[in-house]
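Remarks on the overall topology
Each chain is listed here by its residues.
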Amino acid sequence: MATLAPIATAPLERLHDTWEARPGLYGILATVDHKTIGKRYLVTSLIFLVLGGIEALIMRAQLTHANAHLLSPGAYDQLFTMHGITMIFWYASPVLSGFSNYIWPLMLGSRDMAYPRVNALSYWTFLASGIFIYTALCIGQAPNAGWFAYAPMTLRPFDPGLNMDFYALGLIFLTVSTTIGAINFIGTVMKMRAPGMSLNRLPIFVYGTMTASFAAVFSLPALTVATTYLYFERHFHMHFFDAAQGGSPLLWQHLFWMFGHPWVYIIVLPAMGMVSEMVPTFCRRPLVAYPYVAMSTIATGIIGFGVWVHHMFATGLPGVSMSFFSGASIIIAIPSAIAVFAWIATMWLGTPVWKTPMMFVAGFVVLFVIGGVSGVVTAAVPFDWQVTDTYFVVAHIHYVLIGINVFPVVAAFYYWMPKMTGRMMSETLGKWNFWTMFIGFNLGFFPMHISGLLGMPRRVYTYPASAGWGSVNLITTIGSAVFAVGVLLFVINIFVSLRRGAFAGSNPWHAGTLEWAMESPPPPYNFAVIPIIRSRLPLWEDQLGDATPGLISGEGHSHVSEGVVLAEGRETFGTSPLEAHPLHVLHMPEDSMFPFLLAVAMLGTAYGLVFSLWWLAILGGVGMLACLIGWLWPRHLVTGERA
């Protein structure tokens, strides 16, 4: 039963004991704490970022000058494929899941995510799928047909090794993690908000991740179907993509890009949402045009499902089809432009404070515009035909993925690391970090536009001197090396700050959102009392007064230090989807080993399938079934415990 009491009498020790994970190995493997899971996501995805970056540097060393033979063609194929899938699948989305896992319950006024054990399973399957895919590289059988894996070159007659088996099974494995993670985010935003946090008071970061989660749920089945077909065709002689047997290679492209283009927005919308949180904080004023930014975020996610064919303009599709998708690809620039103008207007009307996170945000806006413009021009069919499969496209995708993902992510580390660790990151190192990354990135990737316009095809392991691409490739390699130094400074800053960073306090940036209301780092239970929210920026209500966005006259002000205490177990409020009215008390599950064991069983099944060790695959399947039965088995209540 809920207890009404002021915070001074709140049983904090009991809350701490209830929510804290057990010490030792069991606690490490069984914890369902969203903060621990979020940090694990962040660390693991950063490791994959570094691995993908090393692969890129080796490729750039190969392409520095003409006729280089540092790598064989086969090794180069594996490296550029691993670089692509590592960055796109095992870094770009999981790092955003890490921030959302850690920040969302704090920002929403909850004590955990909606499905804590599912949350743990999402991380363990993500980690296991990464181990699985890098096993392929360790045995020299890494995927080797590009991150898009076009059929028929991925079929067994043209690629007889285990390479594309690892690719197919690794992605199926990863989609389990991403899908259940997305469902968890959707459930959380619908049911786990603090009383009073209605939809018009949600932070834009929440809108970004929520839209990306819906997009993931609806787009990932296309990838799962495609990769399952690929595995069946390679192992069981089915003919989904074999034109000689009645299949269609274009079926792969349609399925892949029906997933692939929404995926671009899945890995940028949460990042754009993070920017929408940082810009107001460092400009000392609310975000301009909040409702339009929220609606444009959702609109981008919806329109993103109608543009996949612009990746296939060179495949000979009917002109009417290409006209429709060309138009949709141009229209999608409108909601993105709304967000850009809102950020610029907020900076213009505010008083920017140029701390390191704000510098990365400003750099992001510049790169976003460049990457967006190069995307819009490729939406025009005649121009797309000229640059298809050239380095112009490589330049565009890197301006999108690094400019709109990596720069906001680094900014977010500088912004939220003090909340996670209680320590500030170094501003001096941070500014060096920004300028080396910004200069190195533009020096390295802008010349790729020129390489493409000069006719350099992508995915070539070397080129002749007579092609005249040597100088521009040398500049690209130098820029990439400078960018890598910037990333290294970022990693050094993290380690230095963890040991010697200044103490952060609860709200070092004087931000207005709810996560800054508690101490840094937060206690295991997040909030001693469940907050009551009356505005979009509850911590700025005193300074903004009646001008606080979302504050309705007569409703009173937000309360974050007194209210309802839920301390009779792992409890939090379940609220209504629209207005966030409290409906009931939710009893959250305890820590459990089943998510970890289930991921291990799935990993065993994947190894069994890739090596055709059917006994291992069956054993893994039995293990999965046993874990699910144990997970779902009704619990016997002990004295005092609530159902």
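For the structure, check the block above.
Report follows, based on the coordinates. (Residues numbered from 1 in each chain as written. Predicted model: local features only at pLDDT ≥ 70, side-chain atom pairs only at ≥ 80, totals over all residues. Heavy atoms only, no water.)

All right, on to the overall build of the chain then. Across its full length, the chain carries 20 helices and 5 strands. Its C-alpha atoms give the chain principal-axis dimensions of about 80 × 60 × 50 Å. Across the chain, the fraction of contacts at a sequence separation of at least 24, relative to all contacts at a separation of at least 6, is 80%. In the structure as shown, the chain presents an accessible area of about 24900 Å², 71% of it carried by carbon and sulfur atoms. The average position of the 28 basic charges and that of the 28 acidic charges among the side chains of the chain differ by 4 Å. (Helix = DSSP H or I, 4+ residues; strand = E, 2+ residues; numbered from the N terminus. Contact = heavy atoms within 4.5 Å. Areas by Shrake-Rupley, 256 points an atom, 1.4 Å probe, with all protein chains shown as cover. Lys, Arg positive; Asp, Glu negative; His and termini not counted. Charge placed at Lys NZ, Arg CZ, Asp CG, Glu CD.)

Moving on, we get to the packing of helix α9 (residues 269-283) against helix α12 (residues 333-349). In the contact formed by α9 and α12, the axes pass within 9 Å of each other and the chain directions differ by 15°. Between α9 and α12, the angle is such that the two are roughly parallel. Crossing of α9 over α12 shows left-handed handedness. Contacts between α9 and α12 involve M272, V275, S276, V279, P280 and C283 on the former and, on the latter, A339, W343, T346 and M347. (Axes fitted to C-alpha atoms, helices over the stretch in contact; angles between N-to-C directions. Parallel < 35°, antiparallel > 145°, perpendicular 65-115°, else oblique. Left-handed = near helix turned anticlockwise from the far one by under 90°.)

When the terminal C-alpha atoms of α9 are compared, their 21 Å separation across 15 residues agrees well with the 21 Å that a helix rising 1.5 Å per residue should span. Burial within α9 is extensive, with 15 of its 15 residues counted as buried. A positive phi of about 60° marks R284, the residue just after α9. (Expected span 1.5 Å × (residues − 1). Buried < 20%, exposed > 50% of the residue type's maximum accessible area, 1.4 Å probe, protein only.)

This part covers a nonpolar patch on the surface. Together, F232, F236, M238, W614, I618 and V622 make up a nonpolar patch on the protein surface, roughly 560 Å² of accessible area in all. Within the residue set of the nonpolar patch, elements represented by two or more residues are α7 (204-236) and α20 (614-632). Sorting elements by how many residues they give to the nonpolar patch places α20 first, with 3 residues. With respect to the element layout, F232 can be found in helix α7. (Patch = residues over 30% accessible without salt bridge, like charges linked within 9 Å, V, L, I, M, F, W, Y side chains within 5 Å. Salt bridge = Lys/Arg side-chain N within 4 Å of Asp/Glu carboxyl O.)

Inspection of the secondary structure assignment puts P249 in helix α8 (residues 249-266). Its relative accessible area of 25% is what places P249 among the partly exposed residues. Taking the C-alpha atoms as reference points, P249 and P152, separated by 97 residues in sequence, lie 5.9 Å from one another.

Taken as a whole, this structure holds 62 aromatic pairs when the rule is applied. Taken together, a centroid distance of 6.5 Å and an interplanar angle of 65° make the contact between F132 and F173 edge-to-face. Remark: F173 occurs in helix α6 (residues 163-191) and F132 occurs in helix α5 (residues 116-138); sequence separation between them is 41 residues. Both residues of the pair, F132 and F173, belong to the buried class. For the ring pair F360 and F407, a centre distance of 5.7 Å and an interplane angle of 55° mean the geometry is tilted. Separated by 47 residues along the polypeptide, F360 in helix α13 (residues 356-378) and F407 in helix α15 (residues 391-421) bring together distant segments of the chain. What makes F360 buried here is its relative accessible area of 0%. (Phe/Tyr/Trp six-rings, centres within 6.5 Å; stacked < 30°, edge-to-face > 60°.)

Contact geometry for helix α16 (residues 427-453) and helix α17 (residues 470-500): axes closest at 7 Å, N-to-C directions at 155°. Looking at the two axes, α16 sits roughly antiparallel to α17. Where α16 crosses over α17, the handedness of that crossing is left-handed. Class assignment of the residues belonging to the contact of α16 with α17 gives a composition of 17 nonpolar, 11 polar and no charged. (Nonpolar A, V, L, I, M, F, W, Y, C, P; charged D, E, K, R; others polar.)

For side chains bearing opposite charge, pairing can occur when the charged atoms are close. Using the criterion set out here, one finds 8 salt bridges in the structure. A salt bridge links R201 to E555; the nearest nitrogen and oxygen atoms lie 2.9 Å apart. Remark: E555 occurs in the loop between α18 (541-544) and β3 (559-565) and R201 occurs in the loop between α6 and α7; sequence separation between them is 354 residues. Looking at R201, the relative accessible area reads 4%, which means it is buried. On the basis of relative accessibility, which here comes to 35%, the residue E555 falls in the partly exposed class. Within the structure, one salt-bridge network assembled from shared partners comprises R156, D165 and R234.

Between its first and last C-alpha atoms helix α3 (residues 34-63) spans 43 Å; for 30 residues at 1.5 Å apiece the expected length is 44 Å, and the two agree. Of the residues that open α3, the one with a side-chain oxygen 2.9 Å from the backbone nitrogen of K35 is D33. (Polar contact = N/O pair within 3.5 Å; in protein donor to acceptor, adjacent residues only side chain to side chain.)

Within the secondary structure, H235 is located in helix α7. The exposure class assigned to H235 is buried, which follows from its relative accessible area of 16%. Between the alpha carbons of H235 and R117 there is a distance of 34 Å; along the sequence they are 118 residues apart. Setting aside residues up to four positions removed in sequence, H235 forms contacts with R156, D165, L609 and S612.

Turning our eyes to something else, we now look at the environment of V309. On the secondary structure map, V309 appears in the loop between α10 (290-303) and α11 (319-331). With a relative accessible area of 2%, V309 lands in the buried category. V309 sits 51 residues away from M258 along the chain, and the two C-alpha atoms are 8.1 Å apart. Beyond its immediate sequence surroundings of up to four residues, V309 is in contact with H254, L317, S321 and F325.

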